[in-house]
Each structure stands twice: as C-alpha cells, then as structure tokens.
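Chain and residue survey
Read off the chains here:
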Amino acid sequence: MTVTQNIEPGLDVIFPPSNLESDEPPLESSLHLQQMLLLIQCLNWWWRDINKINDYFVAGNMTIYYSPRQIKTKDFRGPDFFLVLDTENRDRNNWVVWEEDGKYPNLIIELLSPSTASTDKGLKKQIYQDIFRTPEYFWFNPQNLEFAGFILFGGTYQPIEPNSQGLLWSQQLNLYLGVHDGKLRYFLPEGQLMLTPEEYGVQATQRAEQQTQLTEEATKLAEQQTQLAEQQAQLTEEATKLAEQQTQLAEQQTQLAEEATQRAERLAAKLRELNIDPDIL
C-alpha cells in the first residue's frame with residue numbers, strides 16, 4: 001500500500017462527483033486476505049445476524065477518499081479493515097467522507113507485512129490520529145503475530161493495555177481483540193472467543209449429536225427400567241403365588257392336624273367305653 005509524505009487535506013475546493021472507485025492493490029498474501037475476511041465475516045455475523053444491529057459499515061482493502069487533492073495525487077491507500085458506526089449499512093464501492101456526512105472510521109485495523117509495516121506504524125498512524133481522528137487503531141501481523149492497539153486520548157494515540165488474557169478492549173466494538181490459533185479474533189466482554197459461523201455450526205452439530213446420543217441413552221435406560229419393572233412385577237406375582245401356596249399348605253396342615261386330633265379323641269372315647277384308660281397305653 002503506497003503513500004506519500006504529504007498528508008495535508010485540500011482546503012476550499014469543489015468536491016468531485018461520487019462515481020469514484022476503490023483503488024487498492026491486492027493484499028500481501030493469502031494470510032492477509034483470510035484475516036481480513038475473517039474479521040468482516042465475524043463482525044457481520046455477530047452484529048447483523050445475531051444482535052440485529054444494522055447502523056454500521058464494515059469493509060476491507062477499500063479506498064477512503066477524504067480529500068480531492070488525494071484523488072489527484074493518490075497520496076493514500078485505504079485501510080485493510082475499517083468500521084464506521086451510526087451509518088447506513090449498504091453496499092459501497094468506496095468510502096467518500098464528504099458524501100457520508102463527514103464521517104471517518106471509528107476503528108481501523110492494518111495487517112502488517114514487510115513492505116507496509118513501517119508505513120502502517122508511522123505515516124498511516126499519523127493520518128488516522130491527526131486527520132481521521134479515528135478513536136481506535138490496531139495493527140496485526142498475520143505472519144509473526146505482532147499485535148498492538150491504540151486509543152485516541154487528548155488528540156494522541158495511547159497504547160491499549162492488555163488484560164490478563166492478553167486481550168485488548170475495543171470501546172468501539174464493545175468486544176475484545178486478541179490472537180487465537182494464529183488469527184486475530186474477537187472475544188466477548190466475558191472473555192470467551194467469539195465463534196465464526198462455521199465454528200458455531202460445527203458446535204451446534206456436535207451439541208445436536210450429543211443431544212441425540214443422550215436421548216438414545218435415556219431411551220435405553222427407560223427401556224431397561226421398564227424391563228426391570230416388568231421383572232419386578234413378575235417376581236412380585238410369583239412371590240404372591242408362593243405366599244398363597246404356603247397359605248394353602250398351612251391350611252391343609254392345620255386341617256390334617258385337626259382331623260388327627262378328632263380321630264385321637266374318638267379313639268380315646270372308644271377305649272373308655274371298653275373301660276380302658278387311653279392315657280396308660
């Protein structure tokens with residue numbers, strides 16, 4: 001991304017028409033492209049799709065036109081990633097400041113490379129601080145994972161101090177930024193990693209599979225419990241039958257004992273009729 005040292009905006013000029021195209025060179029590598037797309041995709045998913053927030057514009061590798069003089073001299077290339085708040089969320093070919101109610105980006109992220117690092121850390125940082133007045137500026141190197149952030153305080157960028165996880169808080173995003181698995185990622189205010197839509201889909205599939213597995217296990221357990229209940233009922237029924245049989249057997253034994261007693265009494269009576277004492281027999 002090429003820039004010159006002249007960063008003064010033009011004054012007292014007639015602004016050109018709006019049919020300006022973005023005039024950006026390709027990103028340095030596939031790593032830079034993947035990183036830019038990851039940041040845009042995740043923010044759109046989290047804000048627009050999940051939280052139904054639509055009053056913002058996010059883009060990457062797009063020219064920001066802030067000065068008619070800039071158009072003639074091409075003294076500035078656009079950021080790798082930028083966010084504008086409180087604006088219409090619609091497709092744009094570029095960002096033309098004088099046609100956007102004078103709005104500049106609220107947050108900018110530059111993806112460092114060997115050919116751009118000195119400019120991103122020097123001249124561009126000066127432009128974002130002194131001309132754009134962009135509240136927050138971050139840079140990240142996808143190759144060596146260098147990461148830093150700055151907040152505009154009193155007209156000057158001050159470093160953002162990391163938290164205990166090494167994350168940098170963004171007031172503009174109301175999210176943390178931090179490095180995870182070699183990528184610059186968003187983190188929720190509680191510190192959890194914000195999932196990509198793909199990661200969320202995988203997690204949802206895993207949860208569904210786990211739920212299906214739990215349901216199957218619960219069904220098997222219910223079937224086992226039903227079988228145990230049936231076995232218990234069968235055992236109870238068999239125990240009842242056995243108890244009834246034992247009762248019948250006891251009644252039969254009682255009846256036999258009563259009959260034996262009656263026979264003994266009749267025999268004793270007969271013996272007494274014959275003047276025989278049955279007790280001495």
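Values in this document were obtained by computation on a predicted structure and should not be read as measured data.

**Focus: the sheet that holds strand 3 (residues 81–85)**
Paired through their backbone hydrogen bonds, the strands of a sheet run either parallel or antiparallel. As summarised here, the arrangement of the 6 strands in space is 1-3-5-6-7-8, forming an open sheet in which the pairing is mixed. Single-partner strands in this sheet number two, and they are strand 1 (56–59) and strand 8 (156–159). Across the sheet, the axes of successive neighbouring strands diverge by a mean angle of 15°, strand direction being ignored. Across the sheet, helix 1 (residues 30–50) is in contact with strand 1, strand 3, strand 5 (107–111) and strand 6 (136–140); its angle to strand 1 comes to roughly 160°.

**Section: helix 1**
Given a rise of 1.5 Å per residue, 21 residues ought to cover 30 Å, and the 28 Å separating the end C-alpha atoms of helix 1 matches this to within 8%. Among all positions of helix 1, only His-32, Gln-35, Met-36, Leu-38, Leu-39, Ile-40, Cys-42, Leu-43, Asn-44, Trp-45 and Trp-47 are buried. By the N-cap criterion, in which a side-chain oxygen at the helix start approaches the backbone nitrogen of a residue two or three places on, helix 1 is capped by Ser-29, the distance to Leu-31 being 3.3 Å.

**Re the sheet that holds strand 10 (residues 175–180)**
Spatial ordering of the open sheet is given by 9-10-11, a layout of 3 strands whose pairing is antiparallel. Single-partner strands in this sheet number two, and they are strand 9 (168–170) and strand 11 (183–187). Pairwise comparison of adjacent strand axes, ignoring direction, gives a mean angle of 35° for this sheet. Pairing between strand 10 and strand 11: 5 bridges, direction antiparallel. Among the inter-strand pairings, His-180 is bridged to a residue of strand 11, identified as Lys-183.

**A few points about the pairing of strand 8**
Where strand 7 (residues 147–153) lies against strand 8, 4 bridges are found, and the strand directions are antiparallel. Paired with Phe-150 across the two strands is Pro-159, which belongs to strand 8.

**Some remarks on the pattern of salt bridges**
Enumeration according to the criterion identifies 9 salt bridges in this entry. Put simply, Lys-121 and Glu-146 hold a salt bridge, and the shortest N to O gap is 2.7 Å. Taken together, the positions of Lys-121 in helix 3 (residues 117–121) and Glu-146 in the loop between strand 6 and strand 7 put the pair 25 residues apart, joining distant regions of the chain. Classification of Glu-146 as partly exposed rests on a relative accessible area of 29%. One continuous salt-bridge network, built from bridges that share partners, spans Glu-88, Arg-90, Arg-92 and Glu-100.

**Observations regarding the packing of aromatic side chains**
Scanning all chains against the criterion turns up 17 aromatic pairs. On the numbers, 6.4 Å between centres and 25° between planes, the contact of Tyr-137 with Phe-150 is stacked. Of the two residues, Tyr-137 is situated in strand 6 and Phe-150 in strand 7; the sequence distance between them amounts to 13 residues. Classification of Tyr-137 as buried rests on a relative accessible area of 0%. When its relative accessible area of 8% is taken as the criterion, Phe-150 is described as buried. Ring pairing ties together the aromatic residues Tyr-66, Tyr-104, Tyr-128, Phe-132, Tyr-137, Trp-139, Phe-150 and Tyr-157, which thus form one cluster. We note Arg-92 situated over the ring of Phe-57; from NZ or CZ to the ring centre the distance is 4.5 Å.

**Considering the pairing of strand 7**
Pairing of strand 6 with strand 7 involves 5 bridges; the strand directions are antiparallel. Each residue of the ladder has a partner; that of Phe-138, found in strand 7, is Gly-149. Two successive antiparallel strands, strand 6 and strand 7, enclose a turn made up of 6 residues, where Leu-145 displays a positive phi of approximately 70°. Counting the residues that bridge the hairpin from strand 7 to strand 8 gives 2 residues, and of these Gly-154 lies at a positive phi of roughly 60°.

**Overview of the nonpolar core**
The biggest cluster of nonpolar side chains holds 27 residues, and the ones touching the most others in it are Leu-43, Phe-81, Leu-83, Ile-109, Leu-173 and Tyr-186. Sorting the residues of this core by element identifies helix 1, strand 1, strand 3, strand 5, strand 6, strand 10 and strand 11 as the ones contributing at least two each. Among the elements that take part in this core, helix 1 stands out by supplying 7 residues, more than any other. The residues contacting Ile-109, other than those within four sequence positions of it, are Leu-39, Asp-80, Phe-81, Phe-138, Leu-177 and Leu-184. Within the second largest apolar cluster, 22 residues are counted, among which are Ile-64, Phe-82, Ile-108 and Leu-123.

**Description of the side chain of Arg-92**
Position of Arg-92 relative to the elements: it lies in the loop between strand 3 and strand 4 (95–96). Polar contacts involving the side chain of Arg-92 include one to the main-chain carbonyl oxygen of Arg-90, which spans 3.4 Å. A polar contact is formed between the side chain of Arg-92 and the side chain of Glu-100, at a distance of 2.7 Å. Every residue in contact with Arg-92, bar those within four places of it in the chain, is listed here: Phe-57, Met-62, Thr-87 and Glu-100.

Definitions and limits used
Residues numbered from 1 in each chain as written. Predicted model: local features only at pLDDT ≥ 70, side-chain atom pairs only at ≥ 80, totals over all residues. Heavy atoms only, no water. Pairing = 2+ DSSP bridges. Helix = DSSP H or I, 4+ residues; strand = E, 2+ residues; numbered from the N terminus. Axes fitted to C-alpha atoms, helices over the stretch in contact; angles between N-to-C directions. Contact = heavy atoms within 4.5 Å. Expected span 1.5 Å × (residues − 1). Buried < 20%, exposed > 50% of the residue type's maximum accessible area, 1.4 Å probe, protein only. Polar contact = N/O pair within 3.5 Å; in protein donor to acceptor, adjacent residues only side chain to side chain. Salt bridge = Lys/Arg side-chain N within 4 Å of Asp/Glu carboxyl O. Phe/Tyr/Trp six-rings, centres within 6.5 Å; stacked < 30°, edge-to-face > 60°. Lys NZ or Arg CZ within 6 Å of the ring centre and 35° of its normal. Core = buried A, V, L, I, M, F, W, Y, C linked by side-chain atoms within 4.5 Å.

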